[in-house]
Amino acid sequence: MTNPGAARKPIVFSGIQPTGQIHIGNYFGAVKRWAAEQDKYENIFCLVDMHALTVPQDPAVLRDKTFETAAILLAAGIDPAKSHLFVQSDIAEHGELAWYLSCVASMGQLNRMTQYKEKAEKQREGSRVGLFTYPLLMAADILLYRTNEVPVGADQKQHVELTRDLAERFNSTFGETFVIPQPVIPPVGARIMGLDDPTKKMSKSTQKAGHAVGVLDAPDVIRKAVMSAKTDSGTEIRFDPERPGVTNLLSIYMVATGSSQEEAEARFEDKGYGDLKRTVAEALIEELRPLQERYRELREDAAALSTLLTASANAIRPTARTTINTVKRAMGVGH
Ligand code: AMP
Ligand code: TRP
């Protein structure tokens with residue numbers, strides 16, 4: 001939260017869809033780092049449930065996943081005393097700004113979004129209008145809070161570029177209104193690959209068993225997934241781009257234990273794949289154990305979690321309102 005005595009910290013906005021299961025790629029590649037770097041920024045974590053609606057959802061599952069995702073972030077160390085953590089649909093200004101932006105963006109701009117094209121590929125006529133206008137809601141999320149930085153996977157970079165273009169167009173047409181945000185893409189080396197196919201990144205949308213390790217997975221589920229991970233021919237255990245399976249397991253060992261590359265290789269010198277896999281599984285179980293314990297405590301008190309999310313939304317809403325009022329004045333609506 002803001003500290004009036006200090007120089008203003010950069011504002012970082014992270015949007016997380018409350019769908020699928022948060023896996024160790026999300027955890028090591030994003031959530032754990034966000035928690036560790038909370039003091040450096042003014043952090044805004046938004047559970048984007050309205051974005052989730054762009055594809056069909058079971059209402060009960062969506063609501064449950066929203067609580068689940070909030071509890072995982074808190075259990076991973078996101079501290080509500082330092083960071084905002086709220087649900088997108090609690091703040092009506094997100095949808096409101098998305099409308100104003102839809103009157104600034106062109107059809108051509110949205111037509112160029114590759115994610116929409118991929119998602120709508122099979123049934124363009126049947127896909128939801130919201131899937132097409134999704135980037136405008138994302139732009140609204142970012143622009144409402146005068147965001148400086150947006151940490152995103154490479155697949156979302158184009159949406160942040162669109163956000164920048166819209167903010168620039170708006171500012172030049174209607175006068176200085178929006179802060180221009182920067183996308184921040186994590187380095188490729190920070191990626192965890194799928195256990196079943198170490199040439200593809202571990203992904204929320206792949207449902208296959210043995211692909212990912214979820215942060216809430218029980219110890220025996222983790223053991224089973226890691227023990228059946230795809231490895232490569234050869235026996236030596238070292239980092240080697242030609243042997244993505246072993247490299248991925250060593251990388252997971254590194255991030256789960258905080259070891260360096262040299263330490264990881266030394267640990268498994270003269271050892272076999274069985275030993276590597278067993279050690280990686282136990283390291284993950286140990287790393288995730290405290291998170292899972294805190295998670296269970298948080299989920300037991302649904303009312304407290306709901307109160308926390310509401311309080312955070314109430315605290316940040318005035319910022320969103322101020323932006324909307326500026327936008328309305330600039331565009332000539334309202335009185
Ligand atoms: P997503 O699951 O695509 O919504 O991504 C949420 C966050 O997790 C983004 O910041 C991604 O960069 C990060 N992330 C997703 N998958 C991985 C992965 N396999 N390895 C490392 N980071 C990941
Ligand atoms: N579109 C993002 C995704 O699918 C989620 C998201 C919504 C987001 N709004 C955002 C990410 C704002 C960063 C900033 O992963």
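Residues numbered from 1 in each chain as written. Chains lettered and ligands numbered in written order. Predicted model: local features only at pLDDT ≥ 70, side-chain atom pairs only at ≥ 80, totals over all residues. Heavy atoms only, no water.

Some details on the layout of surface pockets
Selection criterion: As defined here, a cavity is a set of points on a 1 Å grid over the protein atoms alone where a 1.4 Å probe fits but cannot get out. A pocket is an open set with protein on both sides within 12 Å along at least five of seven lines, and residues line them when an atom is within 4 Å of a point. Grid points are joined across faces, edges and corners, and a volume is the space filled by probe spheres set on the points. Secondary structure follows DSSP: runs of H or I at least 4 residues long count as helices, runs of E at least 2 residues long count as strands, and numbering of each begins at the N terminus. Residues are grouped as follows: nonpolar covers Ala, Val, Leu, Ile, Met, Phe, Trp, Tyr, Cys and Pro; charged covers Asp, Glu, Lys and Arg; every other residue, Gly included, is treated as polar.
As a volume, the second largest pocket reaches approximately 280 Å³. Residue lining of the second largest pocket: 14 residues in total, with Asp49, Arg63, Thr66, Val87 and Ser89 positioned closest to the centre. Put simply, the parts of the chain that give the lining of the second largest pocket at least two residues each are helix H2 (49–52), helix H3 (59–75) and helix H13 (302–331). When residues of the lining of the second largest pocket are assigned to their parent elements, the largest contribution, five residues, is made by H3. A breakdown of the residues in the lining of the second largest pocket according to their chemical character gives seven nonpolar, four polar and three charged.

Looking at empty space enclosed by the protein
In the structure shown here, the tally under the stated rule is two cavities of 30 Å³ or more. Taken as a whole, the largest cavity spans an internal volume of roughly 40 Å³. Taken together, Gln115, Tyr116, Lys119, Leu131, Tyr134, Pro135 and His159 make up the lining of the largest cavity. Those elements giving two or more residues to the lining of the largest cavity turn out to be helix H6 (114–120) and helix H7 (129–144). For the lining of the largest cavity, the class distribution of residues is four nonpolar, two polar and one charged. Around the second largest cavity sit Gly194, Leu195, Pro198, Ala229, Lys230, Gly245, Asn248 and Leu249, which together line it.

Comments concerning H13
So the rule is basically this: The span one expects for a helix is its residue count, reduced by one, times 1.5 Å. At any given residue, the bend is defined as the angle formed between two axes, one fitted to the seven residues that end at that position and one fitted to the seven that begin there. Exposure categories follow from relative accessible area, calculated using a 1.4 Å probe and restricted to protein chains: below 20% of the type maximum is buried, above 50% is exposed, and the middle band is partly exposed.
For H13, which comprises 30 residues, the first-to-last C-alpha distance of 41 Å matches the rise-based estimate of 44 Å (1.5 Å per residue) to within 8%. Along H13, the helix axis deviates most sharply at isoleucine 316, where the bend reaches about 35°; the proline proline 318 sits within four residues downstream. Residues of H13 that are buried: Leu305, Leu309, Ser312, Ala313, Ile316, Ala320, Thr323, Ile324 and Val327. Just downstream of H13, glycine 332 is the residue with a positive phi angle, here 85°.

A look at the site of ligand 1
Selection criterion: Put simply, a residue is near a molecule or strand once any heavy atom of it comes within 4 Å of that molecule or strand.
Taken together, the neighbourhood of ligand 1 is formed by 13 residues, with Gly25, Asn26, Ala190, Ile192 and Met202 sitting nearest. Class assignment for the residues of the shell around ligand 1 results in five nonpolar, five polar and three charged.

Points about the domain arrangement of the chain
Note the threshold: Those domain boundaries reflect an automatic or database domain assignment. We call two residues contacting when some pair of their heavy atoms lies within 4.5 Å. By buried area we mean how much accessible surface two parts lose on assembly, using a 1.4 Å probe and totalling the loss over both. In what follows, salt bridge is the name for a side-chain nitrogen of Lys or Arg lying within 4 Å of a carboxyl oxygen of Asp or Glu. Between N or O atoms, a polar contact is any pair within 3.5 Å; within protein, one atom must be a potential hydrogen donor and the other a potential acceptor, and residues adjacent in sequence are included only when both atoms are from side chains.
As assigned here, the chain comprises domain 1 (11–185 + 302–331) and domain 2 (219–296). Look at where the C-alpha atoms of domain 1 and domain 2 centre, and you get two points 33 Å apart. Each partner contributes residues to the interface: domain 1 has nine residues there, and domain 2 has nine residues. At the boundary of domain 1 with domain 2, total buried surface from both sides reaches about 830 Å², with 73% on carbon and sulfur atoms. Taken together, domain 1 and domain 2 are joined by one salt bridge. Lysine 32 is the salt-bridge partner of glutamate 287, the closest N and O atoms lying 3.0 Å from each other. The interface formed by domain 1 and domain 2 holds three residue pairs in polar contact (both at pLDDT 80 or more) in total. Going through the elements one at a time, helix H1 (24–36) and H3 are the ones with two or more residues in the side of domain 1 that touches domain 2. For the side of domain 1 that touches domain 2, the class distribution of residues is seven nonpolar, no polar and two charged.

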